[in-house]
Amino acid sequence: MTSLWALVFGGVLIVLAAADDSAIQVEPLKEFKVGGRYGWREPEDNNTSMYDEWATMMRFHVGDSLVFEYHNDSVLSVDKFGYYHCNVSDPILAFNNGNSTVKLDRPGPFYFISGDPVHCLKGQRLIVEVMSPHPIHRSPPSIASPPESGSMAPAISPFSSLAGALAVSSWAFSPVVIAIMAVAAVV
């Protein structure tokens, strides 16, 4: 939430806005069940792109997790070579408990294959491209319309340059810093 402060200097009203930490938020972390309702299993014949299609419908961010649910199988996290060649001999991580969760802890590609090379060759493999976490920015408050032509000209104040500087950049300061600057300007 943004705090608003109003100060009066020489008859000029200055409205200050100070942003707090809630102005920038990160999307909540998500848990993705790999394969959706089908889970992690050997694809049916002629469906070798099953996991590629599933992954392209999702957006994965750092901090999200993948949940692999399976029976009589395993999941291996492998490098790019291991993925493309279904190489099960040198996994980065290996799971075989039927319900495995992998936290996506960095941006970039993650490669997963079945621990059974035949299943892997039939399409039981997955590439996940993880994006950096991105903040959710709230829209800034709308700016008032300029006065119509023929209106009164703005009054000149000895504090007008200070007022302009405070009004433009005050959103980046805490209320305490703004108050100190305002007191210093009056003194």
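Residues numbered from 1 in each chain as written. Predicted model: local features only at pLDDT ≥ 70, side-chain atom pairs only at ≥ 80, totals over all residues. Heavy atoms only, no water.

**Q** What's the story with the nonpolar core in this structure? I'm lost.
**A** One recurring pattern in soluble globular proteins is that nonpolar side chains are buried together. Of all hydrophobic cores here, the largest spans 19 residues; its most connected members are Phe-60, Leu-66, Phe-68, Phe-112, Leu-126 and Val-128. Elements with a contribution of two residues or more to this core: helix H1 (50-56), strand E6 (65-69), strand E10 (108-114) and strand E11 (125-131). In terms of residue count, the dominant contributor to this core is H1 (four residues). Sequence-distant contacts of Phe-112, defined by excluding residues within four places in its chain, comprise Trp-40, Leu-66, Phe-68, Val-75, Leu-76, Ser-77, Tyr-83, Val-102, Arg-125, Leu-126 and Val-128. Among the nonpolar cores identified, the runner-up in size contains seven residues, and Val-78, Cys-86, Tyr-111 and Ile-113 belong to it. (Core = buried A, V, L, I, M, F, W, Y, C linked by side-chain atoms within 4.5 Å. Buried < 20%, exposed > 50% of the residue type's maximum accessible area, 1.4 Å probe, protein only. Helix = DSSP H or I, 4+ residues; strand = E, 2+ residues; numbered from the N terminus. Contact = heavy atoms within 4.5 Å.)

**Q** Would you mind showing me how to read the pairing of E10 here?
**A** Across a regular strand the side chains alternate sides, sitting on one face of the sheet and then on the other. The element E10 is largely enclosed, with a buried count of six among its seven residues. Bridge count between strand E7 (residues 75-78) and E10: four bridges; the pairing is antiparallel. From the neighbouring strand, Leu-76 faces E10, where its bridge partner is Ile-113. Sheet analysis places E10 next to E11, joined by six bridges and oriented antiparallel. Directly across from Gly-108, in E11, lies its bridge partner Val-130. (Pairing = 2+ DSSP bridges.)

**Q** What exactly am I supposed to notice about the sheet that holds strand E9 (residues 99-103) here?
**A** Backbone hydrogen bonds hold the strands of a sheet together, and the pairing may be parallel or antiparallel. A sheet is described by the order of its strands in space; here three strands give the open sequence E4-E6-E9, paired in mixed fashion. In the strand order of this sheet, the two ends are held by strand E4 (31-33) and E9, each with one partner. Adjacent strand axes in the sheet meet at a mean angle of 20° when their direction is disregarded. Relative to E6, E4 runs parallel, the two sharing three bridges. (Axes fitted to C-alpha atoms, helices over the stretch in contact; angles between N-to-C directions.)

**Q** Mind showing me how you'd approach the sheet that holds E7 here?
**A** Strand order in the open sheet made by the five strands is E5-E11-E10-E7-E8, with mixed pairing throughout. Only two strands of the sheet have a single neighbouring strand rather than two, namely strand E5 (60-61) and strand E8 (93-95).

**Q** Even after reading the chapter, I still don't get the packing of aromatic side chains, so can you show me in this structure?
**A** Here the distance between the centres and the angle between the planes together describe a pair of aromatic rings. Counting across every chain of the model gives eight aromatic pairs. Ring geometry for Trp-40 and Tyr-51: centres 4.9 Å apart, planes at 50°, overall tilted. With Trp-40 in the loop between E4 and H1 and Tyr-51 in helix H1, this residue pair connects regions lying eleven residues apart in the sequence. Across the pair, Tyr-51 and Trp-40 agree in class, each one buried. (Phe/Tyr/Trp six-rings, centres within 6.5 Å; stacked < 30°, edge-to-face > 60°.)

**Q** Looking at this structure, I do not really get the pairing of E9. What am I missing?
**A** Here E9 shows a buried face lined by Ser-100 and Val-102 and an unburied face lined by Asn-99, Thr-101 and Lys-103. In this sheet, E9 lies alongside E6 in antiparallel orientation, the contact comprising five bridges. Residue pairing across strands places Leu-66 opposite Val-102, the latter belonging to E9.

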